[in-house]
Amino acid sequence: MNSPTRRRVTEDKSWVLAPLLELPHVIHAAVISGDGFIEGSSPGLQRDAAEGVAAMMSALQGAGRAVTAAFAGQDDARLRQTVIESEEGWVFAIPAGENTCLAVFAAPEVNMGVVAHHMQIQVTTLGNKVMNSPARDLGNPA
């Protein structure tokens, strides 16, 4: 008998997306774990679409690191930003801490510099909140 697939439970980080979603021409945004799980998404993004974005972005980030490492001749290449341009618009992705990235989808006429700048602000905000959060009580010490 097969047991049901268990998904890990993480804190919803959708709060970090609100300022990005207020920018002109930004359509959707998401916080994505490196292993392809959605940790937060914009309200208008359907759950199935968000999960698909998370899985594909995880693969894309891995491919980006591998391509960069191959071109640079370094095994430890780190991405700063991934940008995709299509007729439908732009996708921006930047690392947002340990094993997490922040992704934004925007219309073709978006100001790329404004979006990239505000994404960096939100990554800093997310990092500060995570670093300043009290440790969880894991029970009695061993």
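Note that the coordinates shown come from a computational prediction; the quantities given were computed from them, not determined experimentally. (Residues numbered from 1 in each chain as written. Predicted model: local features only at pLDDT ≥ 70, side-chain atom pairs only at ≥ 80, totals over all residues. Heavy atoms only, no water.)

### Thoughts on the overall build of the protein chain
Test applied: Numbering of helices and strands starts at the N terminus; helices are DSSP runs of H or I of at least 4 residues and strands are runs of E of at least 2. Between buried and exposed lies partly exposed: a residue is buried under 20% and exposed over 50% of the maximum accessible area for its type, with that area taken using a 1.4 Å probe on protein chains only. Computed with the Shrake-Rupley method and a 1.4 Å probe, the accessible areas treat only the protein chains shown as cover for residues.
The helix and strand inventory of the protein chain stands at three helices and five strands. Its helices and strands taken in sequence order, the protein chain reads α-β-β-α-β-β-β-α from the N to the C terminus. A total of 142 residues make up the protein chain; the buried ones form 33% of that total. As displayed, the protein chain has an accessible area near 9500 Å², and 54% of this comes from carbon and sulfur atoms.

### So, the pairing of strand β4 (residues 89-95)
The two faces of a sheet get side chains in turn, since along a regular strand they alternate between them. Put simply, the rule is: Here, any two strands with at least 2 DSSP bridges between them count as paired.
The buried fraction of β4 amounts to five of the seven residues, a majority that puts the element mostly inside the structure. Counting the residues between successive antiparallel strands, the hairpin from strand β3 (residues 82-86) to β4 contains two residues. As judged from the six bridges shared by β4 and strand β5 (residues 100-106), these two strands associate in the antiparallel manner. Bridge pairing links Phe92 to Val104 in β5. The antiparallel pairing of β4 with β5 creates a hairpin that spans four residues between the two strands, and Gly97 there sits at a positive phi of about 105 degrees.

### Here's the deal with the pattern of salt bridges
In a structure, side chains of opposite charge can pair up when their charged atoms sit close to one another. As a reminder of what qualifies: For this analysis, a salt bridge means a side-chain nitrogen from Lys or Arg found within 4 Å of a carboxyl oxygen belonging to Asp or Glu.
A complete count under the given rule lists two salt bridges for this structure. For Lys13, the salt bridge is made with Glu39, and the minimal N-O distance between the two is 2.9 Å. With a gap of 26 residues between them, Lys13 in the segment before α1 (18-21) and Glu39 in strand β2 (residues 38-41) connect regions that are remote in the sequence. Between Arg47 and Glu51 there is a salt bridge; the shortest N-O distance is 3.0 Å. Here the residue Arg47 and the residue Glu51 both occupy positions in helix α2 (residues 47-72), the gap between them amounting to four residues, near one helical turn. Residue Glu51 is classed as partly exposed on the basis of its relative accessible area of 22%.

### Some words on the packing of aromatic side chains
Quick reminder of the rule: Stacked, tilted and edge-to-face are the three classes assigned to paired rings of Phe, Tyr and Trp, where Trp is represented by its six-membered ring and a pair needs centres within 6.5 Å; plane angles under 30 degrees give stacked, over 60 edge-to-face, the rest tilted.
Enumeration over the complete set of coordinates arrives at one aromatic pair. Between Trp90 and Phe92, the ring centres sit 6.2 Å apart and the planes meet at 20 degrees, which makes this aromatic pair stacked.

### Examining the confidence of the model for the protein chain
Where the model shows low pLDDT, its predicted coordinates should not be examined in detail. Rules: Along the chain, pLDDT gives the predictor's confidence residue by residue, from 0 to 100. In this analysis, two residues are considered to be in contact whenever any of their non-hydrogen atoms come within 4.5 Å of each other.
Averaged over all residues, the pLDDT of the protein chain equals 86, while 83% of them reach at least 70. Counting interchain partners and residues more than four positions distant, the pLDDT-below-50 stretch residues 3-9 has seven contacts.

### Looking at the sheet that holds β4
How we decide: To obtain each axis, a line is fitted to C-alpha atoms, and for helices this fit is confined to the stretch in contact; angles are then taken between N-to-C directions over 0 to 180 degrees.
One open sheet accounts for five strands, arranged β2-β1-β5-β4-β3; its pairing is antiparallel. For this open sheet the edge positions go to β2 and β3, each flanked by a neighbour on one side alone. The sheet shows a mean angle of 15 degrees between the axes of neighbouring strands, direction not considered. Strand direction decides the pairing type here: β3 and β4, joined by five bridges, are antiparallel. Considered in β4, the bridge of Val83 is made with Phe92. Sitting on the sheet, α2 touches β1 (26-33), β2, β3, β4 and β5, and the angle it makes with β2 is about 125 degrees.

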